[in-house]
Amino acid sequence: MMLGFVLAQMSIAVLDLIMKAAAAMPLLTALGLVFGRRGNGIFCLWGCSRLGVLSIVLSFAGPVCILANYILQMTALNAHDFFAPFFTKPAMNYSLTLLIWLMGMACLYFGAKNLNSVLLVASSRQIEKYELGSIKGAFWPLLLASGLFFITFITSHWPFGGFPAELPHQRVIMAVLRNAARGYFMAFAPAGAFACAYAGWYATRLPVADYGVLQAATRWCAFWAFVGYLPYCLQNMGILLGAGARANAFDNPELGLYFQILALALLFAGVACFALILFRKKTSANLAYAGLFLFFFFFFAPRAMLILNR
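Enquirer: Explain the overall build of the chain residue by residue, including any values.
Expert: A tally of helices and strands in the chain yields nine helices and zero strands. Counting helices and strands in the order they occur from the N terminus, the chain gives α-α-α-α-α-α-α-α-α. When each of the 310 residues of the chain is scored for burial, the buried share is 45%. Of all intrachain contacts in the chain linking residues separated by at least 6 positions in sequence, the fraction that spans at least 24 positions is 79%. When the accessible surface of the chain is totalled, it reaches about 16,100 Å², and 68% of it is carbon and sulfur.

Enquirer: Please provide a residue-by-residue account of the environment of G161, values included.
Expert: On the secondary structure map, G161 appears in the loop between α5 (136-155) and α6 (169-203). A C-alpha to C-alpha distance of 9.2 Å links G161 and N93, two positions 68 residues apart in sequence.

Enquirer: Could you give an account of the pattern of salt bridges, naming the residues involved and the relevant values?
Expert: Pairs may arise between side chains of opposite charge once their charged atoms sit close together. With the rule as written, the count across this model stands at one salt bridge. Residue D16 pairs with K20 through a salt bridge whose shortest N-O separation is 2.7 Å. In this pair, D16 and K20 both sit in helix α1 (residues 2-34), four residues apart, roughly one turn of the helix. Take D16: its relative accessible area is 21%, and that puts it in the partly exposed class.

Enquirer: Please give an account of the packing of aromatic side chains that cites residues and values.
Expert: Where two aromatic rings form a pair, the distance of their centres and the angle of their planes describe that pair. Throughout the structure, instances matching the rule amount to 17 aromatic pairs. An angle of 35° between the planes, with centres 5.0 Å apart, marks the rings of F188 and W224 as tilted. On the criterion of sequence distance, the pair formed by F188 in helix α6 and W224 in helix α7 (residues 211-244) is long-range, its members being 36 residues apart. Aromatic rings pair up to connect F150, F153, Y184, F185, F188, W220, F223 and W224 into one cluster.

Enquirer: If you had to explain the nonpolar core to someone new, which residues and values would you point to?
Expert: Membership of the largest hydrophobic core comes to 82 residues, with the highest contact counts inside it found for L33, L45, F194, Y229, F274 and F295. Here this core gets 14 residues from one element, more than from any other, and that element is α6. Among residues more than four places away in sequence, those in contact with L45 are L33, L115, V118, L119, A122, Y130 and I135.

Enquirer: Quick rundown of the confidence of the model for the chain? Include the residues and the values.
Expert: Predicted confidence across the chain gives a mean pLDDT of 82, with 82% of residues reaching 70 or more. Mean pLDDT across the secondary structure elements of the chain bottoms out at helix α9 (residues 287-309), with 76, and peaks at α5, with 93.

Enquirer: Can you break down the environment of W220 residue by residue, with the values?
Expert: Among the structural elements, W220 can be located in helix α7. For W220, a relative accessible area of 21% gives the class partly exposed. Sequence spacing of W220 and A195 is 25 residues, and the spatial spacing of their C-alpha atoms is 9.5 Å. Residues within four places of W220 in sequence aside, it is in contact with L28, L31, G32 and F35.

Enquirer: Pulling in residues and values, what's your account of the packing of helix α2 (residues 41-59) against helix α4 (residues 92-125)?
Expert: Viewed as axis vectors pointing N to C, α2 and α4 meet at an angle of 155°, and their least axial separation amounts to 9 Å. The angle between α2 and α4 falls in the class roughly antiparallel. Where α2 crosses over α4, the handedness of that crossing is left-handed. Within the contact between the two elements, α2 uses I42, L45, W46, C48, S49, R50, G52, S55, I56 and S59 and α4 uses W101, M105, L108, Y109, A112, L115, N116, V118, L119, A122 and S123. Looking at side-chain class alone, the contact of α2 with α4 contains 14 nonpolar, six polar and one charged residues.

Enquirer: How would you sum up α5? Please name residues and give values.
Expert: Residue pairs three or four apart in sequence face the same way in an α-helix, which turns once every 3.6 residues. Under the 1.5 Å per step criterion, the end-to-end length of α5 is 28 Å for 20 residues, consistent within 8% with the ideal 28 Å. Among the residues making up α5, those that are buried are A138, F139, P141, L142, A145, S146, L148, F149, T152, F153, I154 and T155.

Enquirer: I'd like a rundown of the environment of V34, residues and numbers included.
Expert: Mapped onto the secondary structure, V34 falls in helix α1. Judged by its relative accessible area of 31%, V34 falls in the partly exposed class. Those residues in contact with V34, other than ones at most four positions away along the chain, are L132 and F139.

Calculation rules
- Residues numbered from 1 in each chain as written.
- Predicted model: local features only at pLDDT ≥ 70, side-chain atom pairs only at ≥ 80, totals over all residues.
- Heavy atoms only, no water.
- Helix = DSSP H or I, 4+ residues; strand = E, 2+ residues; numbered from the N terminus.
- Buried < 20%, exposed > 50% of the residue type's maximum accessible area, 1.4 Å probe, protein only.
- Contact = heavy atoms within 4.5 Å.
- Areas by Shrake-Rupley, 256 points an atom, 1.4 Å probe, with all protein chains shown as cover.
- Salt bridge = Lys/Arg side-chain N within 4 Å of Asp/Glu carboxyl O.
- Phe/Tyr/Trp six-rings, centres within 6.5 Å; stacked < 30°, edge-to-face > 60°.
- Core = buried A, V, L, I, M, F, W, Y, C linked by side-chain atoms within 4.5 Å.
- pLDDT = per-residue confidence, 0-100.
- Axes fitted to C-alpha atoms, helices over the stretch in contact; angles between N-to-C directions.
- Parallel < 35°, antiparallel > 145°, perpendicular 65-115°, else oblique.
- Left-handed = near helix turned anticlockwise from the far one by under 90°.
- Nonpolar A, V, L, I, M, F, W, Y, C, P; charged D, E, K, R; others polar.
- Expected span 1.5 Å × (residues − 1).

Given below as structure tokens:
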């Protein structure tokens, strides 16, 4: 029973990574549209339209992940009627988050559909530069989808069941908002990783004439995959170094420092893959596959380590 519970947690962790990537990717797509004002307009529209499709595909992990988390929580509580409390106030972390996520998916679909229409017009007219006004039908829905996805980072941790009595409400609200902003910024890493791997896949299928522009787009995606987890890596490295400085830190199995160091090493290795793509022009974009795999492994590694440690 315990093994099945841990395996379910590992599966949800993978879904959570995909969900986080889907949450940040509409904003990356909207930002990518801005670059078409300076040239290569058709390529920017084409690349962003591909990211729009990828965002829609990844976004389906959101409802699955939210419902799986809810069912896992009800299972842990030995609930007999799983969905009876789903629409009650204490369960709004799941029901309201699911509703807002579905609204974000609708905006994302609307923006991606309009983006394809703009691409068809630009391709027929061979437009290499455009004004933001010409893409507002795609740009604003993508921004709205990003905003709705960000709100789910707040609602999923909001104390709908009641604020802690021992803490001031303002302090709780600031903590939730701060964690939501931190979580959304970190979501740029998996979003950039998926986008970079997708661009690397296309790099082997486009004419050589387009490769230079595609390489620049790949490095732009790698930038987000690099910076998203960098503050987290540096912060946790400092914490582990501080803990390791204690004489008996590694002799205490309850601290689990070996597992934490291994997990952080996996994350550092994934960040390093995208750093190579970003800072070395001749690095193969296929390295993004390795970085994305390391990100996945980092997410479910703590659960896997729990199984191995039992």
